[in-house]
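A closer look at the structure
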Amino acid sequence: MKNILFGLAAMASLTLTACGGNVCDDTADAFDSLVDKAEECGLSTSGFEGPTDAELESCKDSLDSCSDSDKDKLSAYADCLSDVKGCSDKTESEQQQFAMRLLKCSEKLEGVSAACGN
């Protein structure tokens, strides 16, 4: 379970390097929300760190590499992460359902251009 969350955190960090404007701030806010929800689920969040100011600035600077369609997909991904329901208890079943809800959000990133992803 922890490996899934580490992977999702990495995915969120990668998303931050490939977006622009408010999408960067929205993704950072979504990450903070996910950490709270993971703790609510009884999952360890030690080692998780939100994006630095430099990472946020890099994200915003990369706006020129992303099409409007890319930004729409990144925004939908950040919205999905923000809207993911936490857990009602700390059982393994709830943790797995939480992970599945997070993985479902990654579908929002399908089709993001390589230029934006770099």
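Residues numbered from 1 in each chain as written. Predicted model: local features only at pLDDT ≥ 70, side-chain atom pairs only at ≥ 80, totals over all residues. Heavy atoms only, no water.

**Points about the overall build of the protein chain**
A tally of regular secondary structure across the protein chain gives six helices and zero strands. What you see in the protein chain, going N to C, is helices and strands ordered as α-α-α-α-α-α. A buried classification covers 37% of the 118 residues belonging to the protein chain. Partitioning the intrachain contacts of the protein chain with sequence separation of at least 6 by distance along the chain shows that 77% fall at a separation of at least 24. Here the protein chain displays about 6,300 Å² of accessible surface, and carbon together with sulfur accounts for 48% of that area. (Helix = DSSP H or I, 4+ residues; strand = E, 2+ residues; numbered from the N terminus. Buried < 20%, exposed > 50% of the residue type's maximum accessible area, 1.4 Å probe, protein only. Contact = heavy atoms within 4.5 Å. Areas by Shrake-Rupley, 256 points an atom, 1.4 Å probe, with all protein chains shown as cover.)

**Side note on the side chain of T45**
For T45, the location among the structural elements is in the loop between α2 (22-40) and α3 (53-61). A polar side-chain atom of T45 sits 2.7 Å from a polar atom in the side chain of E39. If sequence neighbours within four positions are ignored, T45 has contacts with V35, A38 and E39. (Polar contact = N/O pair within 3.5 Å; in protein donor to acceptor, adjacent residues only side chain to side chain.)

**A short note on the pattern of salt bridges**
If you walk through the whole model with that rule in mind, you get three salt bridges. For K71, the salt bridge is made with D68, and the minimal N-O distance between the two is 3.6 Å. One end of the pair is K71 and the other is D68, both in helix α4 (residues 68-83) and three residues apart, which spans about a single turn. Residue classification places D68 among the exposed residues on the basis of a relative accessible area of 58%. (Salt bridge = Lys/Arg side-chain N within 4 Å of Asp/Glu carboxyl O.)

**Quick notes on the side chain of D70**
Position of D70 among the secondary structure elements: in helix α4. Buried within the structure, D70 lacks any salt-bridge partner; K73 is the closest side chain of opposite charge, at an N-O distance of 5.3 Å. When near neighbours in sequence (up to four residues on either side) are disregarded, D70 contacts S65, G111, V112, S113 and C116. (Lys, Arg positive; Asp, Glu negative; His and termini not counted.)

**Quick notes on the packing of α4 against helix α5 (residues 92-106)**
The N-to-C vectors of α4 and α5 enclose an angle of 170 degrees; their axes lie 9 Å apart at closest approach. Taken together, the axis directions place α4 and α5 in an arrangement best described as roughly antiparallel. Contacts between α4 and α5 involve Y77, C80 and L81 from the first element and L102, C105 and S106 from the second. (Axes fitted to C-alpha atoms, helices over the stretch in contact; angles between N-to-C directions. Parallel < 35°, antiparallel > 145°, perpendicular 65-115°, else oblique.)

**Here's the deal with the environment of C105**
Structurally, the position occupied by C105 is in helix α5. Using a relative accessible area of 0% as the deciding quantity, one classes C105 as buried. Taking the C-alpha atoms as reference, C105 lies 6.4 Å from L81; in sequence the two are 24 residues apart. In contact with C105, other than residues within four places in its own chain, are Y77, C80, L81 and V84.

As far as function goes, none of this settles anything; it's purely spatial.
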